[in-house]
Every structure is written in structure tokens, then in C-alpha cells.
Amino acid sequence: EPEVTQTPSHQVTQMGQEVILRCVPISNHLYFYWYRQILGQKVEFLVSFYNNEISEKSEIFDDQFSVERPDGSNFTLKIRSTKLEDSAMYFCASSQSHSNQPQHFGDGTRLSIL
Amino acid sequence: AQKVTQAQTEISVVEKEDVTLDCVYETRDTTYYLFWYKQPPSGELVFLIRRNSFDEQNEISGRYSWNFQKSTSSFNFTITASQVVDSAVYFCALSEGRTGANNLFFGTGTRLTVIP
């Protein structure tokens, strides 16, 4: 069964450094998403992406964050200057279409900011 | 504004007991979608079910069943004859029926522990 893959599984970064989290969505999916989950808390929406542009973003997704689909397969989340509070599990998801199809999640990247 | 409430933070049951996880939602949209996801200790999010607002039929899949009641804005999840492998955090989520990519609003989750 096709799945969403995320790399790396764990990223440790010094505060203030840039970090790029990578995702390969399911190949025939058109909608892509990033979510984050701070340890022990609920999963929070960050951004959705369709047709090479951001569809929607939450208030968490400020100017420090950006997303890109650099080629036909990868979908990346960049955090420009990381802060301690960016430490979380980041999940990528994709769906075939929008709300009437389930979003399938990757296994997540655990980001630890030191 | 949309909201998903999972009032049960943690539940413990003994293996083979039935358990129901509650989910109450709020939305102003007439078209919306409800989901349940499972997050086992390994951390991934596993899709379990999607239900749209026009389909109030209950669904059963093996030991899992879901009870959707629009009158009470609830979408409860029952596990019958629980097993240790059911131990996980379960999230209920809502997606509103606007056009375009629709993000999921998650509840705070219910941690289920099944004791052998």
C-alpha cells in the first residue's frame, strides 16, 4: 500500500539554525499538508498546499515557516531560524482530493531544538 | 468556529472489555467530515474512519464501531472485546466542507490503555 514517507525521523538542531523537513506524499495525491504535535498535546494544522501554492495556513505558520514542492515528488517544510518552542513532531499528510478523502499521514519527524 | 472535544483524557480497561471513546464537535458548516485516527506508542497517525455529515449510518468494522448522531453533535467510537494492541491515543478530527484543501481540526485525544 502506498504511503507518505518523511525524512529524517529525528532531527536535532541548534536554536537559530535553519531546518528542512522532507516528505514524499503518495504519488497520485494532489493535496499536501503539514501538522505539528508538541509532546503530549494535540495535533495542530500548520499549512495546506495545492497546485503549487499555499491553500491555507494557521496562525502558527508565521514568516519563519515556508513550504515548497521543489520537484514532482518532494514536499518540504523549512523553518528559517528555529526556536526552542519549535520542538515537536512534524507530520506530513496528503490526500487525493480535499475534504471528502482521508488524509494519510507519514510517520513524522521529531524535531528537537537545543 | 470549529471545535472538537474529547472529554476523556485517559481510559484504562481490562482486556476483552468494551470501551467507548467520546467525541463532540462544533461547526457552523452544514457539510463537514469527521475522522478518527489512532496514534500507537510508535507515534504514527493511522487513519481509521471518515464520515460525512450527510451520512448518519453507524458503521462497524470488525471490533470497531462508530455512532454518529447529528442531534447531539457526537461521533463516538466503540472498541469491542479490547486487546492490548488497541492501547494508543485516539484522536477525533473535523474537516469543514469548504472548497479547496481542508485542514483537520483535532481533538486533544484519548489515551486508551488496555490491561492484559
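First, a word on scope: everything that follows refers to the structure included in this document. None of the values given here were measured: they were computed from a predicted structure.

## Details of unusual backbone geometry
- Residue Thr7(A) is joined to Pro8(A) through a cis peptide bond whose omega torsion reads -10°.
- One can find Pro8(A) in the loop between β1 (5–7) and β2 (10–13).
- At Lys16(B), a residue that is not glycine, the phi angle is positive and equals roughly 85°.
- In this fold, Lys16(B) is placed in the loop between β2 (10–14) and β3 (19–21).
- Relative accessible area serves as the criterion here: at 67%, Lys16(B) is assigned to the exposed category.
- One non-glycine residue, Ser73(B), lies in the positive phi region at around 50°.
- Within the fold, Ser73(B) resides in the loop between β8 (64–69) and β9 (74–79).

## A few points about the nonpolar core
- Counting 24 residues, the largest nonpolar core has Trp36(B), Trp66(B), Phe77(B), Tyr90(B) and Leu112(B) as the members making the most contacts within it.
- Of all the elements in the fold, those that place two or more residues in this core are β2, β3, β5 (32–39), β6 (46–52), β8, β9, β10 (88–96) and β12 (110–115) of chain B.
- Setting aside residues no more than four positions away along its own chain, Phe77(B) makes contact with Val19(B), Thr20(B), Leu21(B), Trp36(B), Leu48(B), Tyr64(B), Ser65(B), Trp66(B) and Tyr90(B).
- Listed in part, the 22 residues of the second largest apolar core include Trp34(A), Val47(A), Phe61(A) and Leu77(A).

## Some words on the layout of surface pockets
- Considering only enclosed or pocket space, the largest pocket measures out at about 400 Å³ in volume.
- What lines the largest pocket is a set of 23 residues, and nearest its centre among them are Gln37(A), Gly40(A), Gln39(B), Val89(B) and Arg111(B).
- For the lining of the largest pocket, the secondary-structure elements that each account for two or more residues are β10 and β12 of chain B.
- Take the lining of the largest pocket: its biggest share by element is 4 residues, from β12(B).
- A class-by-class count of the residues in the lining of the largest pocket yields 9 nonpolar, 11 polar and 3 charged.

## What to know about the interface of chain A and chain B
- Contact residues are listed per partner, giving 20 residues for chain A and 22 residues for chain B.
- In total, about 1,800 Å² of surface goes out of reach between chain A and chain B, with carbon and sulfur atoms giving 58% of it.
- Secondary-structure elements contributing two or more residues to the side of chain A that touches chain B are β4 (31–37), β5 (43–50) and β6 (53–57) of chain A.
- Grouping the amino acids of the side of chain A that touches chain B by side-chain chemistry returns 8 nonpolar, 9 polar and 3 charged.

## With respect to the state of the cysteines
- Counted according to the given criterion, the structure contains 2 disulfides over all chains.
- Disulfide partner of Cys23(A): Cys92(A), at an S-S distance of 1.9 Å. Every disulfide takes its handedness from the sign of the S-S torsion; for Cys23(A) and Cys92(A) that torsion is -65°, giving left-handed. Separated by 69 residues along the polypeptide, Cys23(A) in strand β3 (residues 19–24) and Cys92(A) in strand β9 (residues 88–95) bring together distant segments of the chain.
- The buried category is assigned to Cys23(A), whose relative accessible area is 1%.
- Here Cys92(A) falls in the buried class, since its relative accessible area comes to 0%.
- A disulfide bridge connects Cys23(B) with Cys92(B), and the sulfur atoms are separated by 2.0 Å. On the sign convention where negative means left-handed, the S-S torsion of about -65° between Cys23(B) and Cys92(B) marks this disulfide as left-handed. Placement of the pair is Cys23(B) in the loop between β3 and β4 (24–26) and Cys92(B) in strand β10, with a sequence separation of 69 residues.
- The buried category is assigned to Cys23(B), whose relative accessible area is 0%.

Thresholds applied
Residues numbered from 1 in each chain as written. Chains lettered and ligands numbered in written order. Predicted model: local features only at pLDDT ≥ 70, side-chain atom pairs only at ≥ 80, totals over all residues. Heavy atoms only, no water. Helix = DSSP H or I, 4+ residues; strand = E, 2+ residues; numbered from the N terminus. Buried < 20%, exposed > 50% of the residue type's maximum accessible area, 1.4 Å probe, protein only. Core = buried A, V, L, I, M, F, W, Y, C linked by side-chain atoms within 4.5 Å. Contact = heavy atoms within 4.5 Å. 1 Å grid on protein atoms, 1.4 Å probe; cavity = no way out; pocket = protein on both sides within 12 Å on 5 of 7 lines; lining within 4 Å. Points joined across faces, edges and corners; volume = space filled by probe spheres on them. Nonpolar A, V, L, I, M, F, W, Y, C, P; charged D, E, K, R; others polar. Buried area = accessible area lost by both parts, 1.4 Å probe. Disulfide = S-S within 2.5 Å.

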